[in-house]
Amino acid sequence: MKAVILVGGEGTRLRPLTYDIPKPMVPILNKPFMEHMLDLLKKHGIKEVVFSSGYKVEAFMEHFFNGEKLGLKLDYVVEEFPLGTAGAVKNVEKFIDGTFLVFNGDILTDADLTSLIKYHREKKGIATLTLTPVDNPTIYGVIETDQNNRIQKFIEKPSWDRVTSNYINAGIYVLEPVIFKEMKPDKNYSFERQIYPDLLERGDLLFAYKTGAYWLDIGSPEKYMKANQDALLGNIKLETHLKREGSGILLGDSSSIGSKASLEPPIAIGKNCVISKGAQIGKLSVIGNSCKIESGAVVKSSIVWDNTIVEKSARLENCIIGRNCLIGEEAVIESGAIIASSTKIEPGKVIESGVKVG
Ligand code: GDD
Ligand code: MG
């Protein structure tokens, strides 16, 4: 079975991190989020994947090329203008040759795709949508079903008074090619607001597959941090090249940890890093590859991307730092701040809580 992954969005809520890298390529445990997603597809026997892209497709191509290294066949289709979630799938129709999977490109999950596909075949609908329970359905698409899991209604991004269920569209579908029939090429269509409701109206059978698997939309800074922290805590098991050093410490090859450096698990430190003597890496931190954390620097619950230097006695707390940054001596990056890639923070400077730089 083939899969289409929707990666056309600009990742606006993750700016400034997504100015130079598309949202699906942000690292989780030092590996692009999309690579974790491809690991899941592979685990369930999916070997051919089509990326439906529009924003910074080069980032995917440069990293994954044709997929050979991962044992996959990857194709890329680039839209000239955004076609919407369903228009984007129609746009890759030529690659589809039977029942297929569609994934939103920002969902971290360990959902059992084998069981989802089996359920779809048993129910014999034209679409099976994965549903997951959430605390706040207003930022997602609520889906109502009957006792047989037949979908009755779609309510996209409802206000609280319209919320009738805490089960929402998880952005993982199994579809039959017949859904393309009424759609015109090169036209903007939304699955959630138009195509699925239209199919219901026509009396077509759409089913819900409810999952209790791990599920997180990584689209906001808080959720992006949570994804990394959940991976460190083992709430979702992700494949990594980092090696376990004692309990709760993941460490890449050729990294050196200075004397009296303090490492508080769970943490991950990439390859070729230098953690100098007396530096502190607090729990729930992820340090990218080729980073340098100098003596006396303190990193607490923060995500630091590749190739960044944190100079002596600088302090980072609950923040995200992009690639190739230089955080000057004694600078302070407060909780919730985001520093874009290739930014230099002057020594002693304080970046206040929640501020985005770059
Ligand atoms: N190729 C392409 N073209 N991809 C697109 C386009 C487009 O025009 N528009 C959006 N996408 C991709 C995004 O990159 C993302 O991976 C996916 O489609 C969903 O878009 P989002 O912008 O992230 O939508 P959302 O999170 O607000 O809502 C969607 O996901 C929720 C689950 O996270 C909806 O499907 C909701 O119903 C659902 O609950
Ligand atoms: Mg989303």
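On to the pattern of salt bridges. All chains considered together, the criterion is met by 14 salt bridges. Of the charged contacts in the structure, one is a salt bridge between Arg323 and Asp20, with a shortest N-O distance of 3.4 Å. With a gap of 303 residues between them, Arg323 in the loop between strand S27 (320–321) and strand S28 (326–327) and Asp20 in the loop between strand S1 (2–7) and strand S2 (27–28) connect regions that are remote in the sequence. Looking at Asp20, the relative accessible area reads 37%, which means it is partly exposed. Across the pair Asp106 and Lys23 runs a salt bridge, and its minimum N-O distance is 2.9 Å. Of this pair, Asp106 sits in the loop between strand S6 (100–104) and strand S7 (107–109) while Lys23 sits in the loop between S1 and S2, and the two are 83 residues apart along the sequence. The exposure class of Asp106 is buried, given its relative accessible area of 11%. A single salt-bridge network, built from bridges that share partners, covers Lys2, Glu48 and Asp97.

To continue, consider the site of ligand 1. Ligand 1 sits among 26 residues. The nearest are Gly84, Gly105, Lys157, Asn169 and Glu192. One nitrogen or oxygen atom from the main chain of Leu6 is found 2.8 Å from an oxygen atom belonging to ligand 1. A distance of 2.9 Å separates an oxygen atom of ligand 1 from a polar atom in the side chain of Glu156. For ligand 1, whose accessible area on its own is 740 Å², the fraction buried by protein is 87%. Elements that contribute at least two residues to the shell around ligand 1 include exactly S1, helix H3 (84–90), strand S11 (167–175) and strand S13 (215–217).

On to the domain arrangement of the chain, then. Buried accessible area, meaning the area lost when the parts come together, often serves as the stated size of an interface. Partitioning the chain into domains gives domain 1 (2–220) and domain 2 (241–357). Of note, the centres of domain 1 and domain 2, computed from C-alpha atoms alone, are 33 Å apart. Of all residues in domain 1, the largest losses of buried area upon contact with domain 2 belong to Pro16, Leu17 and Asn30, amounting jointly to 52% of the total for that side. Our count for the domain 1 to domain 2 interface comes out at 1 salt bridge. Counting the contacts that link domain 1 with domain 2 gives 2 residue pairs in polar contact (both at pLDDT 80 or more).

Let us now look at the pairing of strand S5 (residues 73–78). Pairing of strand S4 (residues 48–53) with S5, which is carried by 6 bridges, proceeds in the parallel orientation. The partner of Ser53 across the bridge, within S5, is Val78. As a crossover connection, the stretch from S4 through helix H2 (residues 57–64) into S5 is right-handed.

What follows concerns the pairing of S1. Across the 6 residues of S1, 6 count as buried, placing the element largely inside the fold. Across the two faces of S1 the burial is the same, with Lys2, Val4 and Leu6 and Ala3, Ile5 and Val7 all buried. Of the strand pairs in this sheet, S1 and S6 are connected by 5 bridges, and their pairing is parallel. When the bridges of S6 are listed, Ile5 appears paired with Phe103. Across 6 bridges, S1 lies against S4 in parallel orientation. Bridge pairing in S4 links Ala3 to Val49.

Turning to helix H6 (residues 221–233), a few remarks are in order. The terminal C-alpha atoms of H6 lie 18 Å apart, and with 13 residues this matches the ideal 18 Å at 1.5 Å per residue to within 8%. Inspection of H6 places Pro221, Tyr224, Met225, Ala227, Asn228, Gln229, Asp230, Ala231 and Leu232 among the buried residues, and these make up the whole buried set. Taken from the residues just after H6, Gly234 is the one with a positive phi, measuring 80°.

What counts as what
- Throughout this description, residue numbers start from 1 for each chain and increase along the sequence as written.
- Whichever chain is written first is A, and whichever ligand is written first is 1; the rest continue in order.
- Restriction of local features to residues with pLDDT of at least 70 applies here, the model being predicted, together with a cutoff of 80 or more for giving and counting side-chain atom pairs; totals for whole chains, interfaces and linings are based on all residues.
- Heavy atoms throughout the structure, all of them, feed into the side-chain values; hydrogens and water do not.
- We define a salt bridge as a side-chain nitrogen of Lys or Arg found within 4 Å of a carboxyl oxygen belonging to Asp or Glu.
- Starting at the N terminus, helices and strands are each numbered in turn, a helix being any DSSP run of H or I of at least four residues and a strand any DSSP run of E of at least two.
- Partly exposed describes any residue whose relative accessible area lies between the buried limit of under 20% and the exposed limit of over 50%, with all areas from a 1.4 Å probe on protein chains only and scaled to the type maximum.
- Any residue with a heavy atom lying within 4 Å of a molecule or strand is counted as near it.
- N or O atoms closer than or at 3.5 Å make up a polar contact, with two conditions inside protein: a donor-capable atom paired with an acceptor-capable one, and, for residues adjacent in sequence, both atoms drawn from side chains.
- Only the protein chains shown count as covering a residue, and every accessible area follows the Shrake-Rupley method with a 1.4 Å probe.
- Each domain span listed reflects an automatic or database assignment of domains.
- Accessible area that two parts lose when put together, evaluated with a 1.4 Å probe and summed over both, is termed the buried area.
- Whether two strands pair depends on DSSP finding at least two bridges between them.
- Viewed with both strands pointing away, a crossover whose connecting path from the first strand over the helix to the second turns clockwise is right-handed.
- For a helix, the expected span equals 1.5 Å multiplied by the number of residues minus one.

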